[in-house]
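Chain by chain, the residues:
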Amino acid sequence: MDFEFTKEQKDLKKEVIKFAKNELCDGEHGVFSRELWQKCVDFGLIGMNVPEEYGGMGLDYQTSAILLQALGYACEDSGFVFAITNHLWVCQNLVNELGNKVLKDKYLRGMTEGEYIGCFAITEVESGSDVFQMQTKATKDNDGYVLNGSKMFISNAPIADAFVVIAKTENEQGKETLTAFFVEKNFPGVSIGKKISKMGLEACPMAELCLNNCRVPKENIVYQEHKGMKVANYALQMERVFEFASHIGAMERQMEKCIKYANERKQFAKPIKEYQSVSNKIVDMKVKIELAQLLLYKIAWKADHKKNIFLDSSIFKLFVSESYVATCLDTIQIHGAYGYSKEYGLESELRDSIASTIYSGTSETQRNIIFSLIDII
Ligand SMILES: Cc1cc2nc3c(=O)[nH]c(=O)nc-3n(C[C@H](O)[C@H](O)[C@H](O)COP(=O)(O)OP(=O)(O)OC[C@H]3O[C@@H](n4cnc5c(N)ncnc54)[C@H](O)[C@@H]3O)c2cc1C
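Throughout what follows, the structure given in this document is the object of discussion. (Residues numbered from 1 in each chain as written. Predicted model: local features only at pLDDT ≥ 70, side-chain atom pairs only at ≥ 80, totals over all residues. Heavy atoms only, no water.)

**Describing the overall build of the chain**
Secondary structure assignment for the chain yields 10 helices and 10 strands. Counting only C-alpha atoms and orienting by the principal axes, one finds that the chain spans roughly 80 × 45 × 40 Å. Residues counted as buried form 55% of the 377 residues belonging to the chain. Contacts in the chain between residues far apart in sequence, at least 24 positions, make up 74% of those at least 6 positions apart. (Helix = DSSP H or I, 4+ residues; strand = E, 2+ residues; numbered from the N terminus. Buried < 20%, exposed > 50% of the residue type's maximum accessible area, 1.4 Å probe, protein only. Contact = heavy atoms within 4.5 Å.)

**Considerations on the nonpolar core**
Counting 119 residues, the largest nonpolar core has Phe 80, Leu 147, Phe 182 and Val 183 as the members making the most contacts within it. Top element by residues in this core is helix α6 (residues 228-264). It accounts for 16 residues. (Core = buried A, V, L, I, M, F, W, Y, C linked by side-chain atoms within 4.5 Å.)

**Looking at the site of the ligand**
Around the ligand, 16 residues are found, and the nearest of them are Thr 123, Ser 129, Phe 153, Ser 155 and Thr 362. The contact in question runs from an oxygen atom of the ligand to an N or O atom on the side chain of Thr 362, over 2.7 Å. Glu 364 is positioned with one of its side-chain polar atoms (N or O) 2.8 Å from an oxygen atom of the ligand. Protein chains bury 63% of the 970 Å² of accessible surface belonging to the ligand in isolation. Listed by contribution, the elements that provide at least two residues to the shell around the ligand are β1 (118-121), β3 (144-155) and α10 (363-374). Considering every element that reaches the shell around the ligand, the biggest residue donor is β3, with three residues. (Near = heavy atom within 4 Å. Polar contact = N/O pair within 3.5 Å; in protein donor to acceptor, adjacent residues only side chain to side chain. Areas by Shrake-Rupley, 256 points an atom, 1.4 Å probe, with all protein chains shown as cover.)

**Re the side chain of Lys 302**
Note that Lys 302 resides in helix α7 (residues 276-304). Filtering out sequence-adjacent residues up to four positions away, Lys 302 remains in contact with Lys 307, Asn 308, Ile 309 and Asp 312.

**A closer look at unusual backbone geometry**
Its identity as a non-glycine residue notwithstanding, Asn 142 has a phi of 50°, on the positive side. Take Asn 142: it is sitting in the loop between β2 (137-141) and β3. We note that Ala 269 has phi near 65°; this positive angle belongs to a residue other than glycine.

**Quick word on the environment of Ala 303**
Secondary-structure assignment places Ala 303 in helix α7. When the C-alpha atoms of Ala 303 and Val 31 are compared, they prove to be 33 Å apart, with 272 residues separating the residues in sequence. With residues up to four places along the chain from it excluded, the contact list for Ala 303 reads Tyr 61 and Ile 309.

**Digging into α7**
The first and last C-alpha atoms of α7 sit 41 Å apart over 29 residues, in line with the 42 Å expected at 1.5 Å per residue. Buried positions along α7 lie against α3 (61-74), α6 and α8 (310-340). Two residues or fewer past α7, Lys 306 is found with a positive phi of approximately 55°. (Expected span 1.5 Å × (residues − 1).)

**Structural notes on the packing of α7 against α8**
Two numbers describe how α7 lies on α8: the axes approach to 10 Å, and their chain directions differ by 155°. In terms of orientation, α7 and α8 fall into the roughly antiparallel class. Relative to α8, the crossing made by α7 is left-handed. Within the contact of α7 with α8, the residues separate by chemical class into 14 nonpolar, five polar and six charged. (Axes fitted to C-alpha atoms, helices over the stretch in contact; angles between N-to-C directions. Parallel < 35°, antiparallel > 145°, perpendicular 65-115°, else oblique. Left-handed = near helix turned anticlockwise from the far one by under 90°. Nonpolar A, V, L, I, M, F, W, Y, C, P; charged D, E, K, R; others polar.)

**A closer look at the packing of α3 against helix α4 (residues 78-98)**
Contact pair α3 / α4: the axes reach a minimum separation of 11 Å and the direction vectors enclose 165°. Classified by the interaxial angle, the pair formed by α3 and α4 is roughly antiparallel. The handedness of the crossing between α3 and α4 comes out as right-handed. Residue-level inspection shows Tyr 61, Ser 64, Leu 68 and Leu 71 of α3 in contact with α4, the latter providing Val 81, Ile 84, Thr 85, Leu 88, Trp 89, Asn 93 and Glu 97.

**Details of the pairing of strand β7 (residues 206-217)**
The sheet contact formed by β3 and β7 spans nine bridges and is antiparallel. Across the sheet, residue Ser 155 finds its bridge partner in β7, namely Met 206. By the bridge criterion, three bridges tie strand β6 (residues 190-192) to β7 in an arrangement that is antiparallel. Residue pairing in the sheet places Val 190 in a bridge with Leu 211 of β7. (Pairing = 2+ DSSP bridges.)

**Focus on the environment of Asn 100**
Among the structural elements, Asn 100 can be located in the loop between α4 and α5 (101-112). What makes Asn 100 partly exposed here is its relative accessible area of 30%. What Asn 100 contacts, discounting residues up to four positions off in sequence, is Glu 219 and Ile 221. A polar atom in the side chain of Asn 100 sits 3.1 Å from the backbone nitrogen of Val 102.

**Points about the environment of Glu 290**
Along the chain, Glu 290 turns up in helix α7. Using a relative accessible area of 35% as the deciding quantity, one classes Glu 290 as partly exposed. Sequence separation between Glu 290 and Glu 124 is 166 residues; the distance between their C-alpha atoms is 36 Å.

In structure tokens:
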């Protein structure tokens, strides 16, 4: 495992930072913009790991991780970054890595070039952490399936053109299984509920997805019939790593603000950085960032070498999300009343960060997963 960045990786990282600082700060904070999305498409971000034959940059996972961290660092609107990473890791990458040739030919280029914004729908009103309690059913119908049910808390749903939906199916032995379907917004029977108002990540709008006798052709099954659990686990492990890579970048940005402020702000005739209880908070941020980076690059290396990353992804997700919230709280503390005021934008980052301990499986769920897998390390 080599931790030295290549020249190409260093250059790309610089370009992403420059691009995000110059181009992604134009829009209104907290509002999704299709225009900014298209800029990301034109830059190549949307499709960073998609093969060139489908319009992507064909980057490996290590390089993708570096770029996502850079994006999280340079783009101050974490909601917009979340909209992008959500599309990339729980929708597009499923088609790219698990989709058959027909599915790839039908959708992958469109997802890379801005025609389709995607999302992932597994949660329901009564089934959150306990995924198998889901009620959405897919019933066989000639050469396809008919889907009925509704999915809750779906990020990107109000702006999405396509959804990967996990639904209950029945195999030939009559056993309940799960299957993943690629559903277009324009398929008859698809409707989107009203936007769900939430405490942060506003630029990644959320809504309920309703499926009412929605017919999906068999070719739109993602991966294989009755293998929806594998698809869901794959999506979640990639989300836990590559969406959370951007949170390390956000922590770096917060730390930089703290260093600047602790140098400038004077109390009792000294910059506040002179007080150890202030500087220790910045040290804790640095330690968290370094450890998170080490884990990220290790996992990305393992992903590039087709090794199992399921346990690593839970450990990483748990560590990064809790570090992110702690970093945001300490950032506000260091900035005092200015940190608490809306003007500095630090409170909105805290609100954004809290969601990271819930989506993609809560911290409690990650601890359950890690404990269940400790024996087989
Ligand atoms: C910002 C955001 C974006 C999201 N985006 C999506 C999306 O795009 N697609 C999608 O399908 N879903 C999405 N979700 C939903 C998310 O996946 C669920 O919120 C999550 O799985 C938890 O489910 P729940 O909220 O129903 O909580 P519940 O499962 O009801 O849990 C409630 C509490 O009980 C705890 N708990 C539950 N079971 C256990 C257990 N066995 N052991 C210990 N503690 C337990 C939980 O940790 C939590 O603290 C999103 C959520 C948020 C906040």
